[in-house]
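# Architecture and fold: a report
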Amino acid sequence: MKFFQKELRLKPFSRGFHLITHEVMNALPEINKISVGQLQVFIKHTSASLTINENADSTVREDFESHMNVLVPENQPYYKHIYEGADDMPAHIKASLMGTSVQIPITNGKLNLGIWQGIYLCEHRDYASGRNIVITAFGN
């Protein structure tokens, strides 16, 4: 079994949902050495998350942002963790709801995503710096 791993610093993204599939694939070209395996992408932050969804229509990403803001609104009177602004505690909740990692099959050296699937960085803060992700590919 082969293992390849890289930590990648993503550029700062604005608040919202952003496709990062190409950044992930470009960061770990060794994926092409795996016939059957898995790719795990893990984000090392508590106020951003990862998910897989629509890669063609940008309105899907806009709708994700709109819905998450309704589901987890800012400025709630019961929030105690407000030291870093109104978006801070909601960002932590959104990150926990969305998750910190995604796992994708590798088949014949390529990510085995559906034709309309892409990896999203879900940026839940208004003014975040770049994010760190760990990319691990393993298999035969």
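The shown structure was predicted, so the numbers you read here are calculated from the model rather than taken from an experiment.

## Points about the side chain of Arg-15
You can see Arg-15 is positioned in the loop between β1 (2-9) and β2 (16-19). Among the polar contacts listed, one links the side chain of Arg-15 to the side chain of Glu-65, at a separation of 3.0 Å. Within the structure, Arg-15 has its side chain in polar contact with the side chain of Asn-69 (distance 2.8 Å). Contacts of Arg-15, omitting those with residues within four sequence positions, involve Glu-65, Asn-69, Glu-74, Asp-87, Lys-94, Glu-123, His-124, Arg-125 and Asp-126.

## Points about unusual backbone geometry
The backbone of Asn-75 sits at a positive phi, close to 60 degrees, despite the residue not being glycine. The exposed category is assigned to Asn-75, whose relative accessible area is 61%.

## Notes on the packing of aromatic side chains
By the definition in use, this model includes five aromatic pairs. Note on Phe-3 and Phe-138: the rings are 5.7 Å apart at their centroids and 20 degrees apart in plane angle, and the pair reads as stacked. Here Phe-138 lies in strand β8 (residues 132-139) and Phe-3 lies in strand β1, a separation of 135 residues in the sequence. Geometrically, the ring pair formed by Phe-17 and Tyr-120 is edge-to-face, given 6.2 Å between the ring centres and 75 degrees between the ring planes. Taken together, the residues span a long stretch of sequence, with Phe-17 in strand β2 and Tyr-120 in strand β7 (residues 117-123) at a distance of 103 residues. Judged by relative accessible area, Phe-17 falls into the buried class, the value being 5%. We classify Tyr-120 as buried; its relative accessible area is 0%. Site record: aromatic cluster; members linked through ring pairs are Phe-17, Phe-64 and Tyr-120. In this arrangement the basic side chain of Lys-11 is found over the ring face of Phe-13, its NZ or CZ atom lying 4.7 Å from the centre.

Rules of the game
- Residues numbered from 1 in each chain as written.
- Predicted model: local features only at pLDDT ≥ 70, side-chain atom pairs only at ≥ 80, totals over all residues.
- Heavy atoms only, no water.
- Helix = DSSP H or I, 4+ residues; strand = E, 2+ residues; numbered from the N terminus.
- Polar contact = N/O pair within 3.5 Å; in protein donor to acceptor, adjacent residues only side chain to side chain.
- Contact = heavy atoms within 4.5 Å.
- Buried < 20%, exposed > 50% of the residue type's maximum accessible area, 1.4 Å probe, protein only.
- Phe/Tyr/Trp six-rings, centres within 6.5 Å; stacked < 30°, edge-to-face > 60°.
- Lys NZ or Arg CZ within 6 Å of the ring centre and 35° of its normal.

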